[in-house]
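Analysis of the macromolecular model
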Amino acid sequence: MKLSIQRNRVFLAAITALFILSSGLTDAMAANGIYVTPQQFGAKADGKADDTRAIAKAIQKASETNGVVYFPAGTYRTDEIELPAQITLKCEPTWSYRMPGRVVLIPAKEDQKSILDLSLAIGSTIYGISLDGRKMGENMHGIVTYDKKRDRTHEHTFRIDNCRIADFSGDGLHMVDFWAFTLRNSMCSNNGGDGCYLEGCDCWINDNIFIGNGKAGIGGDTWNSAVTAIGNRIEWNGQCGVRLCASIRFALVGNYIDRSFGPAIILDKGPNYHERIGREHTVLPCCITICGNNIVRSARNSEKGSDLDCQILLRNAAGVTITGNTFNVWKDDSSGGRATPSYGIVIENCSDCVITGNEMMAGAAVQLFLNKGGNGENVIIADNAGTA
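Keep in mind that this is a model prediction, so the values were computed, not measured. (Residues numbered from 1 in each chain as written. Predicted model: local features only at pLDDT ≥ 70, side-chain atom pairs only at ≥ 80, totals over all residues. Heavy atoms only, no water.)

Structural notes on the sheet that holds strand E4 (residues 74-78)
An order of E2-E4-E7-E10-E13-E15-E17-E20-E23-E28-E31 is seen for the 11 strands of this open sheet, with the pairing classed as parallel. Of all strands in the sheet, those bounded by a partner on one side alone are strand E2 (46-50) and strand E31 (326-328). The mean angle between the axes of side-by-side strands here comes to 15°, regardless of whether they run parallel or antiparallel. Pairing analysis gives two bridges linking E2 to E4, with the strands arranged parallel. Note on E4: the bridge partner recorded for Asp-50 is Arg-77. (Pairing = 2+ DSSP bridges. Helix = DSSP H or I, 4+ residues; strand = E, 2+ residues; numbered from the N terminus. Axes fitted to C-alpha atoms, helices over the stretch in contact; angles between N-to-C directions.)

Notes on the environment of Val-283
As for its position among the elements, Val-283 is in the loop between strand E26 (279-280) and strand E27 (286-291). Classification of Val-283 by relative accessible area gives buried; the value is 11%. Not counting chain neighbours up to four residues away, the residues in contact with Val-283 comprise Ala-246, Ile-248, Lys-269 and Gly-270. (Buried < 20%, exposed > 50% of the residue type's maximum accessible area, 1.4 Å probe, protein only. Contact = heavy atoms within 4.5 Å.)

Here's the deal with the confidence of the model for the protein chain
Here the protein chain averages 90 in pLDDT, while 88% of its residues score no lower than 70. Contacts from residues 1-5, a stretch scored under 50 in pLDDT, to residues over four places away or in other chains number zero contacts. Predicted confidence is poor over residues 9-25, with pLDDT under 50, and the contacts of this stretch with residues over four places away or in other chains come to two contacts. (pLDDT = per-residue confidence, 0-100.)

Some points on the side chain of Asn-191
Tracing the chain through its elements places Asn-191 in the loop between strand E15 (187-189) and strand E16 (196-206). Judged by its relative accessible area of 1%, Asn-191 is buried. Polar side-chain contacts of Asn-191 include one of 3.2 Å to the backbone oxygen of Ile-165. The residues contacting Asn-191, other than those within four sequence positions of it, are Lys-135, Ile-165, Ala-166, Asp-167, Phe-168, Gly-170, Asp-171, Gly-172, Gly-212, Asn-213 and Gly-214. (Polar contact = N/O pair within 3.5 Å; in protein donor to acceptor, adjacent residues only side chain to side chain.)

As for the packing of aromatic side chains
Applying the stated criterion across every chain, the model contains five aromatic pairs. Relative to Tyr-70, the ring of Tyr-35 lies with its centre 5.6 Å away and its plane at 20°, an arrangement referred to as stacked. With Tyr-35 in strand E1 (residues 35-36) and Tyr-70 in strand E3 (residues 68-70), the pair connects residues that are 35 residues apart, well separated along the chain. Classification of Tyr-70 by relative accessible area gives buried; the value is 15%. The residue whose ring lies beneath Lys-113 is Tyr-146, and the NZ or CZ to ring-centre distance is 5.9 Å. (Phe/Tyr/Trp six-rings, centres within 6.5 Å; stacked < 30°, edge-to-face > 60°. Lys NZ or Arg CZ within 6 Å of the ring centre and 35° of its normal.)

Focus on the layout of surface pockets
In this structure, the second largest pocket spans a volume of roughly 160 Å³. What lines the second largest pocket is Tyr-97, Arg-98, Met-187, Ser-189, Asn-190, Ile-211 and Gly-212. Among the residues forming the lining of the second largest pocket, the class breakdown is three nonpolar, three polar and one charged. (1 Å grid on protein atoms, 1.4 Å probe; cavity = no way out; pocket = protein on both sides within 12 Å on 5 of 7 lines; lining within 4 Å. Points joined across faces, edges and corners; volume = space filled by probe spheres on them. Nonpolar A, V, L, I, M, F, W, Y, C, P; charged D, E, K, R; others polar.)

Overview of the pattern of salt bridges
The tally for this structure, following the rule as stated, stands at 16 salt bridges. In this structure, Asp-161 and Arg-184 form a salt bridge, with 2.8 Å as the shortest nitrogen-oxygen distance. Of this pair, Asp-161 sits in strand E12 (residues 158-161) while Arg-184 is found in strand E14 (residues 173-184), placing the two residues 23 residues apart along the sequence. When its relative accessible area of 10% is taken as the criterion, Asp-161 is described as buried. (Salt bridge = Lys/Arg side-chain N within 4 Å of Asp/Glu carboxyl O.)

Topic: the state of the cysteines
A full pass over the atoms with the stated rule returns zero disulfides. This cysteine, Cys-287, is not joined by any disulfide, and Cys-286 carries the nearest cysteine sulfur, 4.2 Å off. (Disulfide = S-S within 2.5 Å.)

Digging into the environment of Tyr-76
Tracing the backbone shows Tyr-76 in strand E4. Sequence separation between Tyr-76 and Ala-108 is 32 residues; the distance between their C-alpha atoms is 8.7 Å. Leave out the neighbours within four places in its chain, and Tyr-76 touches Pro-38, Gln-39, Ala-43, Ala-45, Asp-51, Ile-55, Phe-71, Val-103, Val-104, Leu-105 and Ile-106. A polar contact of 2.9 Å, which involves the side chain of Tyr-76, links it to the side chain of Gln-39.

Some thoughts on the nonpolar core
Within the largest apolar cluster, 74 residues are counted, with the highest numbers of intra-cluster contacts made by Phe-71, Leu-173, Leu-198, Ile-205 and Ile-265. If you look at the next biggest cluster of nonpolar residues, it comprises eight residues, including Ile-266, Cys-310, Leu-313 and Leu-370. (Core = buried A, V, L, I, M, F, W, Y, C linked by side-chain atoms within 4.5 Å.)

Have a look at this one:
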């Protein structure tokens with residue numbers, strides 16, 4: 001009996017301590033400027049009031065001590081917010097494929113460019129938050145970095161973790177002139193452009209979901225370099241799974257790339273005019289590793305028999321290694337539509353490339369390799385197991 005009473009007392013003491021901590025932690029930490037909420041500065045979080053000023057004030061307060069802005073449950077309407085260095089925006093992630101979760105940031109205006117600007121966010125973290133564009137405006141992005149804005153003496157090294165970035169008319173992430181960042185355990189879905197657009201160098205894109213975006217899951221049209229993308233699920237994207245135009249030293253390893261509407265992977269030269277440097281500058285994709293990926297039923301909407309009716313389109317590239325991947329042809333989830341793609345890999349005008357050791361059993365409906373010509377002598381295609 002005494003033991004039971006002691007256990008009950010310990011249990012009640014623990015519950016009381018948790019209650020005190022939960023009710024007093026915010027005020028105690030807020031007093032030191034470490035932990036603040038937008039509500040302390042007047043945020044309503046009702047999806048109707050404009051909470052831009054309240055969020056900005058909370059961020060300003062947190063920046064004084066490299067602190068944390070914690071978001072209680074609610075829907076926050078906000079204009080574009082510029083995040084400073086070394087602070088954290090945080091909530092508990094409760095989002096899913098179809099639901100944004102308990103904390104959602106939505107646009108306040110049709111004509112804003114984004115919700116979060118990380119151009120100056122050196123060493124900052126965004127954790128657990130949902131950004132929902134609600135298809136507002138024209139080419140509005142979820143999270144951005146802007147050219148010619150950052151401190152060029154420091155790497156960005158910001159972290160985006162356990163976030164959901166969905167339903168923007170532009171890209172989920174539009175990262176221009178970035179220098180080192182991490183995107184992990186997040187979902188970029190149903191955006192009008194790319195799930196994540198890249199133009200810069202040094203980033204890690206690991207364990208994310210890129211689904212239902214209008215263009216690519218991961219895309220880049222001009223120079224990007226030193227990117228590692230591992231363990232992502234990239235599916236049902238409108239243009240392709242991954243688009244690497246003018247990419248250099250890109251590692252695409254261990255991803256599942258499923259039911260892309262075009263090729264799973266496109267490698268091609270970038271546009272001749274480079275906006276960031278303001279002059280003609282053609283870059284070919286080179287020094288790229290594509291290894292250990294599962295590439296399934298690509299080219300859903302491609303014209304049958306066209307160059308885009310393939311798992312991988314490899315064109316105007318150099319120094320590319322494609323090895324250890326698994327290719328498979330199939331239809332929609334309901335077994336409807338045609339079995340795609342017609343071709344496994346379409347290759348043209350490439351040099352110093354190795355395509356070997358891939359498993360291609362039923363890897364294409366018509367032909368595993370379509371060589372369009374123009375390739376250099378040092379293109380090796382050998383020891384790939386399978387039949388169309």
